[in-house]
Amino acid sequence: MTSIALIGFMGSGKSTIGCQLASQNHRKFIDLDDEITKFEGREIATIFAEDGEEYFRHVEEKMLNQFSEANVIVATGGGIVMNQNSRDILKNCFQTIWLEVSYHVVENRLRHDDTRPLWKQSKEQRQALFERRQGLYEECADIRVSVNERSPIQIATEIERSISFI
């Protein structure tokens, strides 16, 4: 069986849907951000503040690679596609599902979230980041699933129908 990676912008529901999908299919769920936090012994915001985004992306790439042959469902961080090596791993080692979400929905979901370093930028910077990543998600995705105004169960069921759990 191939590991499955869920990609998409922050707030698209990767962790929630990944957990639901894993439960429905009796597979292990991995939240890559949680794994990075455990590995580093510090929160992602702290990693960004102390070592910068480039360092974080390098650690993220190493952690992603560790799960490429583990037969798991991995919720990635929203920016994983910013690293070329991570994109290559996603394309070559995972069945990759893009949880496509509108900017309006993300804005609504994250309006009170102050834990995400890149969401603390101005609205214009956040929108530009959202737009810049769309093509990278598309480049990596084997399957694209719209998550706007749908429940995690509905989305997980659609993903199940779209992929083979061999």
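Residues numbered from 1 in each chain as written. Predicted model: local features only at pLDDT ≥ 70, side-chain atom pairs only at ≥ 80, totals over all residues. Heavy atoms only, no water.

1. A short note on the nonpolar core
Alright, step 1. Within the largest apolar cluster, 48 residues are counted, with the highest numbers of intra-cluster contacts made by Leu90, Ile97, Leu99 and Ile159.
Alright, step 2. Per-element tally for this core: the top contributor is helix 3 (residues 44-66), with 7 residues.
Alright, step 3. When residues no more than four places from it in sequence are discounted, the contact partners of Ile97 are Ile4, Ala5, Leu6, Ile7, Ile143, Val145, Ile159 and Ile163. (Core = buried A, V, L, I, M, F, W, Y, C linked by side-chain atoms within 4.5 Å. Buried < 20%, exposed > 50% of the residue type's maximum accessible area, 1.4 Å probe, protein only. Helix = DSSP H or I, 4+ residues; strand = E, 2+ residues; numbered from the N terminus. Contact = heavy atoms within 4.5 Å.)

2. Regarding helix 6 (residues 123-140)
Every α-helix winds through 3.6 residues per turn, so residues three or four apart in the chain are directed the same way.
Alright, step 1. Over its 18 residues, helix 6 runs 26 Å from end to end, which matches the ideal 26 Å to within 8%, given 1.5 Å per residue.
Alright, step 2. If you look at helix 6, its biggest bend is around 25°, right at Arg133.
Alright, step 3. On the buried face of helix 6, the contacting elements are strand 1 (4-7), helix 3, helix 4 (84-93), strand 4 (95-100) and helix 5 (103-110). (Expected span 1.5 Å × (residues − 1). Bend = angle between axes of the 7 residues up to and from the residue.)

3. Points about the sheet that holds strand 1
Alright, step 1. Here we have 5 strands laid out as an open sheet, ordered 2-3-1-4-5, and parallel in their pairing. The sheet is open, and its two borders are formed by strand 2 (28-31) and strand 5 (143-146), each paired with just one other strand. Averaged over neighbouring strand pairs, the angle between their axes works out to 20° when direction is ignored.
Alright, step 2. Two elements, strand 1 and strand 4, share 4 bridges in a ladder whose sense is parallel. If you follow Leu6 over to strand 4, its bridge partner there is Ile97.
Alright, step 3. Each of strand 1, strand 2, strand 3 (72-75) and strand 4 is contacted by helix 1 (residues 14-25), which is oriented at about 170° to strand 2, the strand it contacts most.
Alright, step 4. The strands touched by helix 7 (residues 152-162) are strand 1, strand 4 and strand 5; relative to strand 5, the strand with the most contacts, the crossing angle is about 155°. (Pairing = 2+ DSSP bridges. Axes fitted to C-alpha atoms, helices over the stretch in contact; angles between N-to-C directions.)

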